[in-house]
Each structure stands twice: as structure tokens, then as C-alpha cells.
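Listed here are the chains, written in short residue letters.
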Amino acid sequence: IEGNKIPEAMLKAIYGSGGFVNPIATILRQVDTLQLTVPQADSLATLNRWYLVRNDSIWTPIAKSLATLPDRYDSDEAYSTYRQGRRATVDLLMKVARDVRGLLTADQRRKLPPLVASYLDTRYLCLLYTSEWAGRSRAQANSPGLRSNSRRAWAVVCPRNPLTADRGLTSA
């Protein structure tokens, strides 16, 4: 396809979050609704800054790499680079989710919008981490090799998940 290439800054703006919601930023925008205390808001702001800096360090080199692709490139390799960024972003979300949940009271967690609450749920994050089929055809997604690889990855990331334990999967 002929045309202009997307500049690095635009790629970073489009893909810089891996397509994920930043649950901490969303919570900080709901200070009044959630009735956050000053110490809670301060802790969340600090955690949000930590998350943003690390997320930026994931996506800046990816955007640079994608922006410098030649006219003819290996789309599987480009997608693999993007997928690695998504997984690294989910890893970050897994690291902050427990801390965010610990900062909020049970009542505040109940008031969270469902989408934000899902990004604080380790099981949901495990699904995001192992969603190898994203962007692939239904036939590719249903291939036995891909399904088993996803299950193995889930078992590694979420070893105590009852779904993987029931199927006798190991983290090896």
C-alpha cells in the first residue's frame, strides 16, 4: 500500500497503552465519587507515575521500531513486537493491581466502574496476558497448538488459577 508512513509520535499515541485502560488514572479522576482520602490520592498518584514511566519505557522503543519499518516488512515480526509490548504492559498492570486494591476500601472497590474493576482482577489480567488469538482468524485461534500454548502461558503467569489446575496443567 502506497502512502505516508505513520510518524513515531502518532504510533506511540495510538499504541502507547497497548490498548489497555490505565485503571489508576481512571480512579484518580473519580476522587469525589470514591471519596478518596488525601493519603489514598497521594499514594495512587505516586503509583500512577511509576506505572506511566515504565509503560512509556515499554512503548517508546516499540513505536520507534514500527515507525522505521521499511515499505516491505514481515508483518508477523511487527505483530510479535506489538504483542511483546502488550504482555509487558499486562505484567505492569499485574504488579500495580494488588497495590491499588490494597489502597481502596471494600466500599470504594464496589463503586469502581466494571471496566476499571476488571483491570484490578488478576484473573482478567491473566486472560489479557494469554490472549494469543487477538488479531488472528478464528481458524488460527482454534488451532490446537495455539490453544495449548495459551494454556501453558496462563499456567506460568497464574499458577494458582483454578481453571488451569483443573486441567492438570503445570507451569513447566
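A closer look at the nonpolar core
In this structure, Ile24, Ile27, Leu44, Val100, Leu104, Leu112 and Leu125 are the most contacted members of the largest nonpolar core, which totals 30 residues. Elements that contribute at least two residues to this core include exactly helix H2 (23–28), helix H4 (38–67), helix H5 (75–103) and helix H8 (122–129). Apart from residues lying up to four places away in sequence, Leu104 is in contact with Ile27, Leu36, Gln40, Leu44, Arg109 and Leu112.

Side note on the environment of Arg110
One can find Arg110 in helix H6 (residues 106–111). On the accessibility criterion, Arg110 (63% relative accessible area) is exposed. Separated by 76 residues in sequence, Arg110 and Leu34 have C-alpha atoms that sit 9.3 Å apart.

Examining the packing of aromatic side chains
Taken as a whole, this structure holds 5 aromatic pairs when the rule is applied. Aromatic side chains Trp59 and Tyr82 sit 5.8 Å apart centroid to centroid with 55° between the ring planes, which places their arrangement in the tilted category. Here Trp59 is found in helix H4, whereas its partner Tyr82 is found in helix H5, with 23 residues between them in sequence. Residue classification places Trp59 among the buried residues on the basis of a relative accessible area of 2%. Among the aromatic residues, ring-to-ring pairing joins Tyr15, Trp59, Tyr79 and Tyr82 into one connected group.

Topic: H8
Of all the residues in H8, the buried ones are Leu125, Cys126, Leu128 and Tyr129. The arc that holds the buried residues of H8, viewed along the axis, is 160°, so those residues lie on one side. Residue Asp121 occupies the N-cap position of H8, its side-chain oxygen lying 2.9 Å from the main-chain nitrogen of Arg123.

Describing a nonpolar patch on the surface
Residues Ile6, Met10, Ile14 and Tyr15 make up a contiguous nonpolar surface patch of roughly 360 Å² in combined accessible area. Within the secondary structure, Tyr15 sits in helix H1 (residues 8–15). For Tyr15, a relative accessible area of 34% gives the class partly exposed.

Reading the values: the criteria
Residues numbered from 1 in each chain as written. Predicted model: local features only at pLDDT ≥ 70, side-chain atom pairs only at ≥ 80, totals over all residues. Heavy atoms only, no water. Core = buried A, V, L, I, M, F, W, Y, C linked by side-chain atoms within 4.5 Å. Buried < 20%, exposed > 50% of the residue type's maximum accessible area, 1.4 Å probe, protein only. Helix = DSSP H or I, 4+ residues; strand = E, 2+ residues; numbered from the N terminus. Contact = heavy atoms within 4.5 Å. Phe/Tyr/Trp six-rings, centres within 6.5 Å; stacked < 30°, edge-to-face > 60°. Arc of directions from axis to C-beta. Polar contact = N/O pair within 3.5 Å; in protein donor to acceptor, adjacent residues only side chain to side chain. Patch = residues over 30% accessible without salt bridge, like charges linked within 9 Å, V, L, I, M, F, W, Y side chains within 5 Å. Areas by Shrake-Rupley, 256 points an atom, 1.4 Å probe, with all protein chains shown as cover. Salt bridge = Lys/Arg side-chain N within 4 Å of Asp/Glu carboxyl O.

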